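Take a look at the letters that make up each chain.
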Amino acid sequence: MSEAAEGRAAIGPLDIGRVMAALPHRYPMLLVDRVETLVPDRSIVAIKAVTINEGFFQGHFLGRPIMPGVLIVEAMAQAAGILAVESLGLAGSGKLVYFMAIDGAKFRKPVEPGVLLSLEVAFVQKRATVCKFAGVAKIAGQVVAEANFTAMIADPPASA
């Protein structure tokens, strides 16, 4: 059955404004620049433009700038957050997507400045408040990192 027949027609691209509407993250922690495609209830392909201007490159590593692996996983998790928010109709609701677990993270190649990091994430399991995802990060079609992760959808903390 086709995606359209299932009611899961792909949407995209989504610009930075739509990304920021779906995520609470802001500079310097916003790690998704654009969404190429999003198939609600199924998958997302997002892009992170990795530039030498990133603050972490100042100290990771001197003489050979490499994007930290934890930030690659965070970028995949942010893409998953957009997928969850869009799929569950939560945009503008104030709900947050919290990281709960990371499993099977593998880093295949270093990510250096000057590349477009493709973040491909799919639902593995989707429930009302807890979702599981599988993600891969690629550069020019080659896998540089992969991980499975779990996230929880919750209300933001109460203001003090």
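Scroll up to find the structure this text is about.
On a predicted model such as this, the values are computed, not experimentally measured, just so you know. (Residues numbered from 1 in each chain as written. Predicted model: local features only at pLDDT ≥ 70, side-chain atom pairs only at ≥ 80, totals over all residues. Heavy atoms only, no water.)

A word on the nonpolar core
Argument step 1. In this structure, M67, I82, L117, L119 and F133 are the most contacted members of the largest nonpolar core, which totals 43 residues.
Argument step 2. Secondary structure elements with two or more residues in this core: α1 (16-22), β1 (34-39), β2 (43-50), α2 (69-87), β4 (115-126), β5 (130-139) and β6 (142-154).
Argument step 3. For this core, the element with the most residues is α2, which contributes twelve residues.
Argument step 4. Residues within four places of L117 in sequence aside, it is in contact with A46, I47, K48, V50, M67, I72, V111, A137, K138, I139 and V144. (Core = buried A, V, L, I, M, F, W, Y, C linked by side-chain atoms within 4.5 Å. Buried < 20%, exposed > 50% of the residue type's maximum accessible area, 1.4 Å probe, protein only. Helix = DSSP H or I, 4+ residues; strand = E, 2+ residues; numbered from the N terminus. Contact = heavy atoms within 4.5 Å.)

With respect to the side chain of T150
Argument step 1. Within the secondary structure, T150 is located in strand β6.
Argument step 2. Aside from chain neighbours lying at most four places away, what touches T150 is Y98, F99, M100, A101, V130, C131 and K132.

Observations concerning the environment of A134
Argument step 1. Turning to its location among the elements, A134 is positioned in strand β5.
Argument step 2. Residue classification places A134 among the partly exposed positions, given a relative accessible area of 27%.
Argument step 3. In the structure, A134 is positioned 51 residues away from L83 in sequence and 12 Å away in space, judged by C-alpha atoms.
Argument step 4. Among all residues touching A134, those that are not within four sequence positions of it are E120, V121, A122, V124, A147 and N148.

What about the packing of aromatic side chains?
Argument step 1. This model, assessed by the stated rule, comprises four aromatic pairs.
Argument step 2. Grouped by ring-pair contacts, the aromatic residues F99, F123, F133 and F149 constitute a single cluster.
Argument step 3. Here K126 stacks its cationic end above the ring of F123, 5.9 Å away from the centre of that ring. (Phe/Tyr/Trp six-rings, centres within 6.5 Å; stacked < 30°, edge-to-face > 60°. Lys NZ or Arg CZ within 6 Å of the ring centre and 35° of its normal.)

Section: the sheet that holds β4
Argument step 1. Read across the sheet, six strands follow the order β1-β2-β4-β5-β6-β3 without closing on themselves; strand pairing throughout is antiparallel. Edge positions in the sheet fall to β1 and β3 (96-107), since each of these pairs with one other strand and no more. Strand after strand, the sheet turns through a mean of 20 degrees between neighbouring axes, direction not considered.
Argument step 2. One ladder, built from eight bridges, connects β2 with β4; its direction is antiparallel. Note on β4: the bridge partner recorded for I47 is S118.
Argument step 3. Those strands touched by α2 are β1, β2, β3, β4, β5 and β6, and its axis lies near 55 degrees from that of β4. (Pairing = 2+ DSSP bridges. Axes fitted to C-alpha atoms, helices over the stretch in contact; angles between N-to-C directions.)

A look at α2
Argument step 1. Helix length check: α2 (19 residues) gives 27 Å between terminal C-alpha atoms against 27 Å at 1.5 Å per residue, within 8%.
Argument step 2. Burial analysis of α2 places 17 of its 19 residues in the buried class, which makes it a mostly covered element.
Argument step 3. Within two residues after α2, G89 carries a phi angle of roughly 65 degrees, on the positive side. (Expected span 1.5 Å × (residues − 1).)

Structural notes on the side chain of E54
Argument step 1. In this structure, E54 sits in the loop between β2 and α2.
Argument step 2. Residue classification places E54 among the buried residues on the basis of a relative accessible area of 12%.
Argument step 3. Among all residues touching E54, those that are not within four sequence positions of it are K48 and A49.

As far as function goes, none of this settles anything; it's purely spatial.
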